[in-house]
Amino acid sequence: MKHVLVFAEHRQGKTRKVTFELATEARRIADQLGGKAFAVVLGSGAKQLADELKSYPLDAVYVSDDSAVDQFLLEPVVDYLEAAAKTIGPSLILIPNTLSGRDVAGRLIVRLGAGIVADVVEVNVEDGAVLCISPKLGGALVTDCALRPAEYGIATVRPSAFAAARGGSGATVITLEKLAKSYVAAIEQDVEEGATEMALEEAPAVVAGGRGLGGPEPFDTLLKPLATALGGAVGASRAAADAGWVPYNLQIGQTGKTVTPKLYIAVGISGAIQHKVGMRASGTIVAINKDAAAPIAEFSDLLVVGDAFRIVPELTKLIEKVKGNLS
Amino acid sequence: MKIVVTVKLVPDPNAEKRIDPQTKRLVRTGVETVLNPYDEYALEAALQLKERAGGDSRVTVFSMSPEPLRETLRKALAMGADDALLLADAGLEGSDVWATAYAIAAALRKLEFDLLIVGGLTDDSSTGAVPGALAEHLGLPCVTNARKIEVVDGGLQVERETDVGYQNVRAPLPALLTTALTFGEPRYASLKGIMGAKKKTIATTTVGELALELPVGTAGSKTELRSFAPPPPRGKGRTVEAADGISGAQAIFDFLQEKKLV
C-alpha cells in the first residue's frame with residue numbers, strides 16, 4: 001500500500017459529506033505513506049462532483065459517467081473501482097461505511113485480494129504499516145487492527161469521523177476507459193422516501209424521539225424544528241419505529257443506525273442497551289425525560305427531568321435566536 | 001427451489017462482552033449465545049419463499065465455526081429449515097473477514113442452490129463485507145437489504161431499502177440476497193418444530209475436505225488485531241429538574257453554550 005484511493009459516494013451528483021472527509025484524510029495518509037491521493041467518482045453527475053473535488057487536496061480524480069452505474073446494482077461500481085485501483089497500483093482504498101459502501105467493499109476485497117477493516121474512525125501509519133482504529137461490539141471495545149503488508153487494503157470509514165478541509169492545487173480529472181461489460185441485477189425503480197434531507201449518520205446534531213413522544217406527530221412538530229435550528233437531523237428509538245411512527249431508516253440502535261454526532265438530544269427515550277449501542281459514541285449527550293431514573297441518565301452528560309412538550313419548543317426558540325449550527 | 005441460509009451464533013447482545021487478553025479473540029464460551037438477529041430475518045425470508053414455491057423446495061442452513069456449535073443449527077432447524085451443513089474446524093480460529101468469506105464460499109460450492117440468503121450484518125463484528133465477498137467468490141448477482149422478495153418468471157423481483165428510500169431490482173437466479181430488518185418478524189419455533197429438529201440431519205465438513213488453495217485461520221488473514229480496550233468511560237452527567245418548559249430549555253441552552261455547541 002503506497003497510494004490512497006477514495007470511493008466518492010454520491011447520489012445523482014449530490015455529494016455526501018463523507019466524500020470530502022475522505023478526500024481530506026486521504027491526503028494526510030498518502031503523505032505518510034509517501035504516495036499520492038486519488039478519488040473515483042462514478043455514474044450520472046460524476047463530472048460535476050469531480051469538479052467539486054478539485055478544491056480538495058487530491059492528486060487526481062478518476063471519473064466515469066457510464067450509465068450502467070445507475071442502471072445496475074453496484075457491479076459496475078466494483079468494476080470501475082477495480083480498474084482505477086489497478087491503474088494507480090498498490091493502495092489503501094477508503095470507502096464510506098454506508099449501505100452501498102459495505103456492499104462495494106465486500107466485493108472489492110475478493111477482486112484485489114485485500115484485507116479489510118470496518119467502521120474505521122482513525123488511521124495511523126507506523127513504519128509504512130497501516131493501522132486502523134475502530135469501535136466494535138456496538139462501541140463496547142475499541143480495536144487497533146493492522147492491515148498486513150499487501151498490495152491493497154480496504155478501510156470502510158465511519159461518516160463524520162474525519163474533518164473535511166479544502167486545499168491542494170487542484171486535482172487532475174482523468175476519465176476512465178469505458179468498460180464493455182454486461183450486468184444482470186437491474187435497478188428498475190429508485191425511490192426516495194422519508195424525506196431525509198440529511199443522512200442521519202452524517203448529521204452533526206441528532207434529535208431523537210422515543211416512546212415518550214406518544215405518536216408520530218411530535219416528530220414533525222416538536223423534534224424537526226429543533227433539529228433544523230441545530231442544523232441536524234431527526235432520529236428515533238426502536239420503540240418509535242416499531243410503533244410505525246417513523247420509517248425504519250430513522251431508527252438508531254443495535255438493529256438500526258449507529259450515529260456519532262457532536263450533539264445528541266434524546267427526547268422521551270429511556271435508553272435501553274439496544275438504543276445505547278447506536279449513539280453512545282456521540283460527542284455530547286443531552287436527554288429530556290419525565291423519569292429521573294431512566295437508564296439514559298447513566299450515559300447522558302445532561303439529563304433534564306421535565307415535560308419535553310414544553311421544553312423543546314422553548315429550546316428551539318433559544319437556539320433559533322443564536323442561529324445554532326454545528327456544521 | 002433450493003435455498004441456503006447462512007447463520008452464525010453470536011454473544012447475547014445484552015451480555016457483557018469480553019476479549020481474551022491472550023488470544024485477542026472474543027470470548028464465546030461461557031457466554032449466553034443467540035442466533036445472529038440478522039440471520040433470523042434471512043431464515044424467515046427463506047422459509048416464506050419455500051412455503052410459497054411449494055413442491056420439493058428445501059431450505060438448508062449453513063454455519064461455520066471453529067467449534068462444533070450445533071445449537072445454532074438446531075434452532076434454525078426448529079424454525080423450519082430442512083437440513084444443515086456445518087463447517088467446523090479448529091483451523092478456522094482467528095479467520096478475519098477475508099479468510100471467513102473464502103472458507104464459507106468453498107463450503108457453499110458443495111451445495112446446490114438457487115438462492116443464497118445471508119444476514120445483512122453480524123451482531124458481533126459488523127463489517128458487513130461478507131455478503132459482497134461471497135457473491136464475488138461464487139459469481140452471483142448480489143441484492144442486499146431486501147424487504148420484499150418475489151420469484152417472477154424464474155427470476156428475483158426485490159424491493160430493497162437504501163439509505164434514502166427504496167429500489168426495485170430485478171436479478172436472475174441463482175443469486176445472493178441479504179434481508180433488511182423490515183422484512184418481517186422472524187417466526188418462533190413451535191414445539192412441533194423443536195421436536196422435529198432433533199431428527200433432522202446436520203452434515204459436517206472440515207477445512208481439509210474443502211481442499212483449499214489458500215490458508216484460512218490466522219495464517220490466511222489479511223488483518224491483524226494489535227490491541228483492544230474499552231472506550232474511555234462516559235461518567236454520569238448532571239441531572240436538572242425542570243419546573244417548567246422555559247427553565248428546562250434554559251438549562252439545556254446554558255449547557256450547550258458551555259460546551260460551545262451553540
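All values derive from a computational prediction rather than experimental measurement. Per chain, residue numbering runs from 1 following the sequence as it is written. Here chains are named by letter from A upward and ligands by number from 1 upward, in the order in which they appear as written. pLDDT decides what is reported in this predicted model: residues at 70 or higher carry local features, side-chain atom pairs at 80 or more are listed and counted, and totals for whole chains, interfaces and linings draw on all residues regardless.

**What about the overall build of chain A?**
- Numbered from the N terminus, helices here are DSSP runs of H or I no shorter than four residues, and strands are runs of E no shorter than two. A count of helical and extended segments in chain A gives nine helices and 18 strands.
- A compact globule built from 327 residues would reach a C-alpha radius of gyration of about 20 Å, and chain A, at 21 Å, matches this within 12%.
- Expressed as lengths along the three principal axes of its C-alpha atoms, the size of chain A is roughly 60 × 45 × 35 Å.
- Exposure in this text rests on C-beta crowding, where 20 or more other C-beta atoms within 10 Å of a residue's own make it buried, 12 or fewer make it exposed, and counts in between make it partly exposed. The C-beta atoms are placed from the backbone. Every one of the 327 residues in chain A was classed for burial, and the buried ones make up 59%.
- When contacts within chain A are restricted to residue pairs at least 6 apart in sequence, long-range pairs at least 24 apart make up 67% of them. We compute the radius of gyration from the C-alpha atoms alone; for a globule the expected value is 2.2 Å times N to the 0.38, where N is the number of residues. Contact between two residues is assigned when their C-beta atoms, built from the backbone, lie within 7 Å.

**Thoughts on the overall build of chain B**
- In terms of regular secondary structure, chain B is built from seven helices and 13 strands.
- Seen along its three principal axes, the alpha-carbon backbone of chain B occupies a region of about 65 × 45 × 40 Å.
- Burial statistics for chain B: of 262 residues in total, 45% are counted as buried.

**With respect to the domain arrangement of chain A**
All names here are of chain A.
- Split into domains, chain A comes out as domain 1 (3-175) and domain 2 (200-322).
- One C-alpha centre belongs to domain 1, the other to domain 2; they are set 31 Å apart.
- With nine residues of domain 1 at the interface, the matching set in domain 2 holds seven residues.
- Partitioned by chemical class, the residues of the side of domain 1 that touches domain 2 number three nonpolar, three polar and three charged. For the domains described, the bounds stem from an automatic or database domain assignment. Classes in brief: Ala, Val, Leu, Ile, Met, Phe, Trp, Tyr, Cys and Pro nonpolar; Asp, Glu, Lys and Arg charged; the others, Gly included, polar.

**Some points on the interface of chain A and chain B**
- With 79 residues of chain A in contact, the opposing surface of chain B contributes 70 residues.
- Every element with two or more residues in the side of chain A that touches chain B is listed here: α5 (99-112), β7 (115-120), β9 (129-136), β10 (141-147), β13 (186-192), β17 (284-289), β18 (302-305) and α9 (308-322) of chain A.
- Looking at which element gives the most residues to the side of chain A that touches chain B, the answer is α5 of chain A, with 10 residues.
- Each residue belonging to the side of chain A that touches chain B can be placed in one class, and the counts come to 44 nonpolar, 15 polar and 20 charged.
- Of the pairings in the sheet, the one linking β18 of chain A to strand β13 (residues 238-241) of chain B comprises four bridges and is parallel in character. Bridge pairing links Leu 302 of chain A to Arg 238 of chain B in β13 of chain B. In short, DSSP must find at least two bridges between two strands for them to pair.

**Topic: the environment of Val 169 of chain B**
- Relative to the assigned elements, Val 169 of chain B resides in strand β9 (residues 165-172).
- As for Val 169 of chain B and Ala 146 of chain B, which are separated by 23 residues in sequence, their C-alpha atoms are 9.5 Å apart.
- Every residue in contact with Val 169 of chain B, bar those within four places of it in the chain, is listed here: Leu 73, Ala 185, Ala 186, Ile 187 and Glu 188 of chain A together with Val 143, Val 158 and Arg 160 of chain B.

**Thoughts on the packing of α9 of chain A against helix α7 (residues 245-258) of chain B**
- Between α9 of chain A and α7 of chain B, the least distance of the axes is 7 Å, while the angle of their chain directions is 50°. In this view, α9 of chain A runs oblique relative to α7 of chain B, as classed from their interaxial angle. Where α9 of chain A crosses over α7 of chain B, the handedness of that crossing is right-handed. Taken together, the residues of α7 of chain B that come into contact with α9 of chain A (itself represented by Arg 310, Ile 311, Pro 313, Glu 314, Leu 315, Leu 318 and Ile 319 of chain A) are Gly 245, Ile 246, Gly 248, Ala 249, Ile 252 and Phe 253 of chain B.
- Here the contact of α9 of chain A with α7 of chain B is composed, by residue class, of nine nonpolar, two polar and two charged. To obtain each axis, a line is fitted to C-alpha atoms, and for helices this fit is confined to the stretch in contact; angles are then taken between N-to-C directions over 0 to 180 degrees. When an angle is under 35 degrees it counts as roughly parallel; over 145 it counts as roughly antiparallel; between 65 and 115 it counts as roughly perpendicular; any other value is oblique. For any helix crossing, the convention is left-handed if the near helix is rotated counterclockwise from the far helix by under a right angle, and right-handed if that rotation is clockwise.

**Quick look at the confidence of the model for chain A**
- A residue's pLDDT is the confidence the predictor assigns to it, expressed on a 0 to 100 scale. With 96% of its residues at a pLDDT of at least 70, chain A reaches an overall mean of 91.
- Mean pLDDT values over the elements of chain A span from 76, in strand β3 (residues 14-15) of chain A, up to 98, in strand β1 (residues 3-7) of chain A.

**Concerning the pairing of β9 of chain A**
All names here are of chain A.
- In this sheet, β9 lies alongside strand β8 (residues 122-126) in antiparallel orientation, the contact comprising five bridges. Looking across to β9, one finds that Glu 126 is bridged to Ala 129.
- Hairpin connection between β8 and β9: a loop of two residues separates the two successive antiparallel strands, and Asp 127 in this loop has a positive phi of roughly 50°.
- Bridging between β9 and β10 involves seven bridges; their strand directions are antiparallel. What sits directly across from Val 130, in β10, is Leu 147.

**A few points about the sheet that holds strand β16 (residues 263-267) of chain A**
- An order of β15(A)-β14(A)-β16(A)-β17(A)-β18(A)-β13(B) is seen for the six strands of this open sheet, with the pairing classed as parallel. Of all the strands in the sheet, just β15 (233-236) of chain A together with β13 of chain B have a single pairing partner and so form its edges. Ignoring which end each strand starts from, the neighbouring axes of this sheet average 20° apart.
- Here helix α6 (residues 217-230) of chain A sits on the sheet and contacts β14 (205-209), β15 and β16 of chain A; the angle it forms with β14 of chain A, its principal contact strand, is near 165°.
- Contacting β17 and β18 of chain A together with β13 of chain B, α7 of chain B runs over the sheet at an angle of about 170° to β18 of chain A.

**What about helix α1 (residues 17-33) of chain A?**
All names here are of chain A.
- Expected helix span is given by 1.5 Å per residue-to-residue step, counting one fewer step than there are residues. Under the 1.5 Å per step criterion, the end-to-end length of α1 is 25 Å for 17 residues, consistent within 8% with the ideal 24 Å.
- Among the 17 residues in α1, 13 count as buried, and that is most of the element.
- Gly 34 sits one or two residues past α1 and shows a positive phi near 75°.

**Some words on α5 of chain A**
Residues and elements named next belong to chain A.
- Between its first and last C-alpha atoms α5 spans 20 Å; for 14 residues at 1.5 Å apiece the expected length is 20 Å, and the two agree.
- Most of α5 is tucked away: 12 of the 14 residues are buried.
- Within the sequence span of α5, burial applies to Leu 99, Gly 101, Arg 102, Asp 103, Val 104, Ala 105, Gly 106, Arg 107, Leu 108, Ile 109, Val 110 and Leu 112.
- Just beyond α5, the residue with positive phi is Gly 113, at close to 60°.

**Here's the deal with the packing of helix α3 (residues 97-108) of chain B against helix α4 (residues 130-138) of chain B**
All names here are of chain B.
- Look at α3 against α4: their axes get within 9 Å of each other, and the N-to-C directions meet at 45°. When the axes of α3 and α4 are compared, the pair comes out oblique. As for how α3 packs across α4, the hand of that crossing is right-handed. Across from Val 97, Thr 100, Ala 101, Tyr 102, Ile 104, Ala 105 and Leu 108 in α3, the residues of α4 making contact are Val 130, Ala 133, Leu 134, His 137 and Leu 138.
- Counted by class, the contact of α3 with α4 contains 10 nonpolar, two polar and no charged residues.

**Digging into the sheet that holds strand β1 (residues 2-6) of chain B**
- On the basis of which strands lie adjacent, the open sheet formed by 10 strands has the order β13(A)-β9(B)-β8(B)-β7(B)-β10(B)-β6(B)-β1(B)-β4(B)-β5(B)-β11(B) and mixed pairing. The two strands at the open ends of the sheet, each matched to only one other strand, are β13 of chain A together with β11 (202-205) of chain B. Strand-to-strand twist of the sheet, defined as the mean angle between neighbouring strand axes without regard to direction, takes the value 30°.
- Judged from the three bridges that link them, strand β7 (residues 142-152) of chain B and strand β10 (residues 175-179) of chain B form a sheet pairing that is parallel.

**Focus on unusual backbone geometry**
- Cis peptide bonds are those with omega within 30 degrees of zero, and the linkage from Leu 173 of chain B to Pro 174 of chain B qualifies with -5°.
- Within the secondary structure layout, Pro 174 of chain B lies in the loop between β9 and β10.
- Despite not being glycine, Leu 74 of chain A has its phi angle at roughly 60°, a positive value.
- Structurally, the position occupied by Leu 74 of chain A is in the loop between α3 (68-71) and α4 (75-88).
- Phi at Asn 145 of chain B takes a positive value of approximately 60°, unusual for a residue other than glycine.

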